[in-house]
Amino acid sequence: MIRTIFALVACLSMTQAFAQRNMRQIWIEMPDSLVEYLNATKRTEMVDFYEMGVKAETSNLLATTTVLDSIADDYAHVTLNESAKMQLALLKTSEGDLLICMVRSFMGEAPESVVSFYDEKWHPRDVAKLMAKVEPSQLLSRPDTMDVERYNRLVRFFEPVMMTADYAPGRQELVWSLSMPLLTREEIMQVKPIMLQRKLKWNGTTFN
């Protein structure tokens, strides 16, 4: 009987510890090597500011400004600097483990995103096993009303080919789009009819 009670208490403690694991802890524990100019002290300071209801910004180690735009139990959005942002999502797997999805987007003249995965202790996971591959060709389509010559001409506007990803926390989706480098407003209006988005939904095992 006593052994059973101890086992139940131990199990309850483990469950509570798991339940308390949230984005605040994940963000603070993130290895400094992932964003070398933003150490744990700076990250903790930003969370504290956010929870106090004031602007969660800090002067990073490059003497530029980093802002924690939002943070919830399972999601965070960070403006790393003028040309980069980061999204972090805490996902539950079908096995009951936690998975971290990181989307880093570089917002220069040719925006581009990189998606990485980690376990809850920040050990890297294999991207190929956790996310379906997205090809640029899947993000373009010729409308029936457009001739092939015009379509091919518009496709060349996307050279060099860059892709961006955005995580939608409410839907647990990764939304992929083609970047539009150095296009004028008129050119953007021209290419919009041939552009598609590909949405990958988290199913507990992969984004697919």
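Below you will find a few notes about this structure.

Details of helix α3 (residues 40-51)
Now for step 1: Helix length check: α3, at twelve residues, gives a terminal C-alpha distance of 17 Å against a target of 16 Å (1.5 Å per residue), a fit within 8%.
Now for step 2: Taken together, the buried positions of α3 are occupied by Arg43, Met46 and Val47. The arc that holds the buried residues of α3, viewed along the axis, is 95°, so those residues lie on one side.
Now for step 3: Where α3 is buried, its residues meet α2 (23-29), β1 (57-59), β2 (65-71) and β3 (75-81).
Now for step 4: Looking at the residues trailing α3, positive phi occurs at glycine 53, about 85°.

Section: the environment of arginine 43
Now for step 1: Along the polypeptide, arginine 43 turns up in helix α3.
Now for step 2: For the pair formed by arginine 43 and asparagine 60, sequence separation is 17 residues and the distance between their alpha carbons is 9.5 Å.
Now for step 3: When sequence neighbours within four positions are dropped, the list of residues in contact with arginine 43 reads Trp27, Ile28, Glu29, Met30, Asp32 and Leu38.
Now for step 4: Among the polar contacts listed, one links the side chain of arginine 43 to the backbone oxygen of isoleucine 28, at a separation of 2.9 Å.
Now for step 5: At 2.4 Å, the side chain of arginine 43 forms a polar contact with the backbone oxygen of methionine 30.

Quick word on the sheet that holds β3
Now for step 1: Spatial strand order, β1-β2-β3-β4-β5-β6-β7: seven strands in an open sheet with antiparallel pairing. The open sheet has two edge strands, β1 and β7 (124-125), and neither has a second partner.
Now for step 2: Examined bridge by bridge, β2 and β3 share four bridges and lie antiparallel to one another. Residue serine 70 lies in a different strand from β3, and its bridge partner there is histidine 77.
Now for step 3: Against the sheet, α3 contacts β1, β2 and β3, and its axis sits at roughly 50° relative to β2.

Comments concerning the sheet that holds strand β9 (residues 173-178)
Now for step 1: Read from one edge of the open sheet, three strands run β8-β9-β10, paired in antiparallel fashion. The sheet is open, and its two edges are formed by β8 (163-168) and β10 (198-201), each paired on a single side. With strand direction ignored, the average angle separating the axes of adjacent strands in the sheet is 20°.
Now for step 2: By the bridge criterion, six bridges tie β8 to β9 in an arrangement that is antiparallel. Looking at β9, one finds that threonine 164 is bridged to serine 177.

Quick look at the nonpolar core
Now for step 1: With 31 residues, the main nonpolar core has Cys101, Val115, Leu174, Trp176 and Phe207 as its most contacted residues.
Now for step 2: Contributions of two or more residues to this core are made by β4 (84-92), β5 (98-106), β6 (112-119), α5 (148-155), β8 and β9.

Concerning the pairing of β2
Now for step 1: The pairing of β1 with β2 spans three bridges and is classified as antiparallel. Residue pairing for β2: threonine 58 is matched across the bridge by threonine 66.
Now for step 2: Counting the residues in the hairpin turn of β1 and β2 gives five residues, including alanine 63, whose phi is positive at 65°.
Now for step 3: Linkage of β2 to β3, two consecutive antiparallel strands, is achieved through a turn of three residues.

Calculation criteria
Residues numbered from 1 in each chain as written. Predicted model: local features only at pLDDT ≥ 70, side-chain atom pairs only at ≥ 80, totals over all residues. Heavy atoms only, no water. Helix = DSSP H or I, 4+ residues; strand = E, 2+ residues; numbered from the N terminus. Expected span 1.5 Å × (residues − 1). Buried < 20%, exposed > 50% of the residue type's maximum accessible area, 1.4 Å probe, protein only. Arc of directions from axis to C-beta. Contact = heavy atoms within 4.5 Å. Polar contact = N/O pair within 3.5 Å; in protein donor to acceptor, adjacent residues only side chain to side chain. Pairing = 2+ DSSP bridges. Axes fitted to C-alpha atoms, helices over the stretch in contact; angles between N-to-C directions. Core = buried A, V, L, I, M, F, W, Y, C linked by side-chain atoms within 4.5 Å.

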